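# Fold and contact review
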Amino acid sequence: MKGKVCVFGSFNLDVVAVMNRFPLPGESLTAHNSMMGPGGKGANQATAALRAGARVHYIGKVGNDDFGTFARRHLEKTGFDAITLFTCKEKPTGNALIYVAGDDAENMISVYPGANTTVTAAEVARCQPTVAAADILLVQLENNLSAIQRMIDNARAGGTFVILNPAPWQKVSDALLAKVDLLTPNSTEAMQLSGIKVTDFASAQRAAEVLHRKGARQVIITLGTAGALLSSAEQQLRIPLFPAQPLDTTGAGDAFNGALAARLASGDALPQAALFAAAFASLCVERSGAANSMPSYAEALARMQAHPECAVTPLNAPEITHMA
Ligand code: RIB
């Protein structure tokens, strides 16, 4: 692999309110900080991949509005190798309203995906050479499923490795899961995909087994403060959580996925790439914002070197149960 990552995914304008606690239904609360900035899982993951050392081509779609102009200006100065940004005349640029609250800087997000869900078959076809030229295609579920499926089909036809981060969750077929080389749900998405409640490593292993049976060859389930499970036919490994002082957890999953793609594209083995991605994400949560909170490759490497105790460790194979 030569380090080329193509990210197809959403761009959103994020409006963030930092609170002491989340408001209750019907309650108005004063925020003690607020900001507006670039977000969207696709753009965040593309930025993470870039900062983690990859050459990145970002593909997205925005509205014909002020937020779309903001997106184009922001993306053009980010440092991507190339950008393909389509414009939708009917729907506005996606936006997200984000609350960040509490000592652990947890977040609550509502997304209006707008133009992100209007990517046409003709637009996907125009991206085919880009997808085939990449080492890795990284996609999420914040666009219309028809376009995501076509991008994945094009990647497979071109021999490009596919990572699907199934966030935010929408129902996907087993046939689609079988086309993906690496699936990266969080514990909630793993439960939605597998039907198994994921609360710890043991339940994550059982969920991963179900996902393997559905066709996903390699799975990483992120488990919040517990770290992550890496599961394939050959191995079940625990990816540790690096110590961090959380300020804003928004984009932590995006940091993990983008960095993972970057390291895999540069030739790292999956466990090493996942360990790097965990260190990278631990730095992201110490900064506020989403796309603008991604650390650098050097910073993530320094965090890994500062914590030699954070290593990948094997887990016992799960007990296989028969599913109805
Ligand atoms: O993963 C964080 C992102 O989710 C935010 O930037 C927001 O736009 C939503 O897409």
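About the cut-offs
Residues numbered from 1 in each chain as written. Predicted model: local features only at pLDDT ≥ 70, side-chain atom pairs only at ≥ 80, totals over all residues. Heavy atoms only, no water. UniProt positions renumbered as here; feature names shortened; annotations may be inferred. Helix = DSSP H or I, 4+ residues; strand = E, 2+ residues; numbered from the N terminus. Buried < 20%, exposed > 50% of the residue type's maximum accessible area, 1.4 Å probe, protein only. Polar contact = N/O pair within 3.5 Å; in protein donor to acceptor, adjacent residues only side chain to side chain. Pairing = 2+ DSSP bridges. Contact = heavy atoms within 4.5 Å. Phe/Tyr/Trp six-rings, centres within 6.5 Å; stacked < 30°, edge-to-face > 60°. Near = heavy atom within 4 Å. Areas by Shrake-Rupley, 256 points an atom, 1.4 Å probe, with all protein chains shown as cover. Nonpolar A, V, L, I, M, F, W, Y, C, P; charged D, E, K, R; others polar. Axes fitted to C-alpha atoms, helices over the stretch in contact; angles between N-to-C directions. Left-handed = near helix turned anticlockwise from the far one by under 90°. Core = buried A, V, L, I, M, F, W, Y, C linked by side-chain atoms within 4.5 Å.

As annotated in an unreviewed UniProt entry, the protein chain is Ribokinase from Pantoea dispersa. Database annotation for the protein chain, UniProt heading Function (unreviewed entry): "Catalyzes the phosphorylation of ribose at O-5 in a reaction requiring ATP and magnesium. The resulting D-ribose-5-phosphate can then be used either for sythesis of nucleotides, histidine, and tryptophan, or as a component of the pentose phosphate pathway." The annotation that UniProt attaches to the protein chain under Subunit (unreviewed entry) is "Homodimer."

Moving on: the environment of A259. With respect to the secondary-structure elements, A259 resides in helix 9 (residues 252–265). Its relative accessible area of 0% is what places A259 among the buried residues. Along the sequence, A259 and Q45 sit 214 residues apart, while their C-alpha atoms lie 7.9 Å from each other.

For the rest of this paragraph, the subject is the UniProt feature "active site" (unreviewed entry) in the protein chain. The positions UniProt marks with the feature "active site" (unreviewed entry) are D254. Mapped onto the secondary structure, D254 falls in helix 9. Polar contacts involving the side chain of D254 include one to the side chain of N44, which spans 2.9 Å.

This next bit is on the pairing of strand 12 (residues 228–231). Of the two faces of strand 12, both are covered, the one formed by A228 and L230 as well as the one formed by L229 and S231. For strand 11 (residues 218–222) and strand 12, the ladder comprises four bridges, and the chain directions are antiparallel. What sits directly across from T222, in strand 12, is A228. Counting the residues between successive antiparallel strands, the hairpin from strand 11 to strand 12 contains five residues, one of them, G224, with a positive phi of roughly 60°. Alignment of strand 12 against strand 13 (residues 236–239), held across four bridges, turns out to be antiparallel. Residue pairing for strand 13: L229 is matched across the bridge by R238. Counted between consecutive antiparallel strands, the loop separating strand 12 from strand 13 contains four residues.

Bringing the UniProt feature "binding site: ATP" (unreviewed entry) in the protein chain into the picture now. Per the UniProt record, "binding site: ATP" (unreviewed entry) is found at N186, T222, L223, G224, T225, A226, G227, G253 and D254. Structurally, the position occupied by N186 is in the loop between strand 10 (182–183) and helix 7 (187–194). Beyond its immediate sequence surroundings of up to four residues, N186 is in contact with I221 and T222. Structurally, G227 can be placed in the loop between strand 11 and strand 12. For G227, a relative accessible area of 8% translates into the label buried. In this view, G227 contacts I221, T222, I239, P240 and L241; residues no more than four positions away in its chain are not counted.

To continue, consider the environment of A207. Relative to the helices and strands, A207 is located in helix 8 (residues 201–213). By relative accessible area, which is 0% here, A207 ends up buried. On a C-alpha basis, the gap between A207 and A31 in space is 38 Å, while along the polypeptide they are 176 residues apart.

This paragraph deals with the packing of aromatic side chains. Taken as a whole and assessed by the stated rule, the structure comprises three aromatic pairs. Here the aromatic rings of F276 and F280 are separated by 6.1 Å at their centres, their planes lie at 35°, and the arrangement is tilted. In this pair, F276 and F280 both sit in helix 10 (residues 270–284), four residues apart, roughly one turn of the helix. When its relative accessible area of 3% is taken as the criterion, F276 is described as buried.

We now examine the site of the ligand. The local shell around the ligand holds 13 residues, among which D14, G40, K41, E142 and D254 are the closest. A distance of 2.8 Å is found between an oxygen atom of the ligand and a side-chain nitrogen or oxygen belonging to K41. Against a free-state accessible area of 280 Å², the protein chains account for coverage of 97% of the ligand. Within the residue set of the shell around the ligand, elements represented by two or more residues are strand 2 (12–19), helix 1 (41–51) and strand 7 (106–112). Counted by class, the shell around the ligand contains four nonpolar, five polar and four charged residues.

At a minimum axis separation of 8 Å, helix 9 and helix 10 run at an interaxial angle of 145°. In this structure, helix 9 meets helix 10 at a crossing whose hand is right-handed. Residues A252, A255, F256, A259, L260, R263 and L264 of helix 9 touch helix 10, and the partners they reach there are L270, A273, A274, F276, A277, A278, F280, A281 and C284. Considering only residue class, the contact of helix 9 with helix 10 consists of 15 nonpolar, no polar and one charged.

The next point concerns the nonpolar core. Grouped together as the largest cluster of nonpolar side chains are 51 residues, with contacts concentrated most on Y58, I220, L260, L264 and F280. Per-element accounting of this core gives the leading share, 12 residues, to helix 10. When near neighbours in sequence (up to four residues on either side) are disregarded, L260 contacts L182, T184, I220, L270, A273, A274 and A277. Residues I59, V131, V162 and L193 belong to the second largest nonpolar core, which totals 40 residues.

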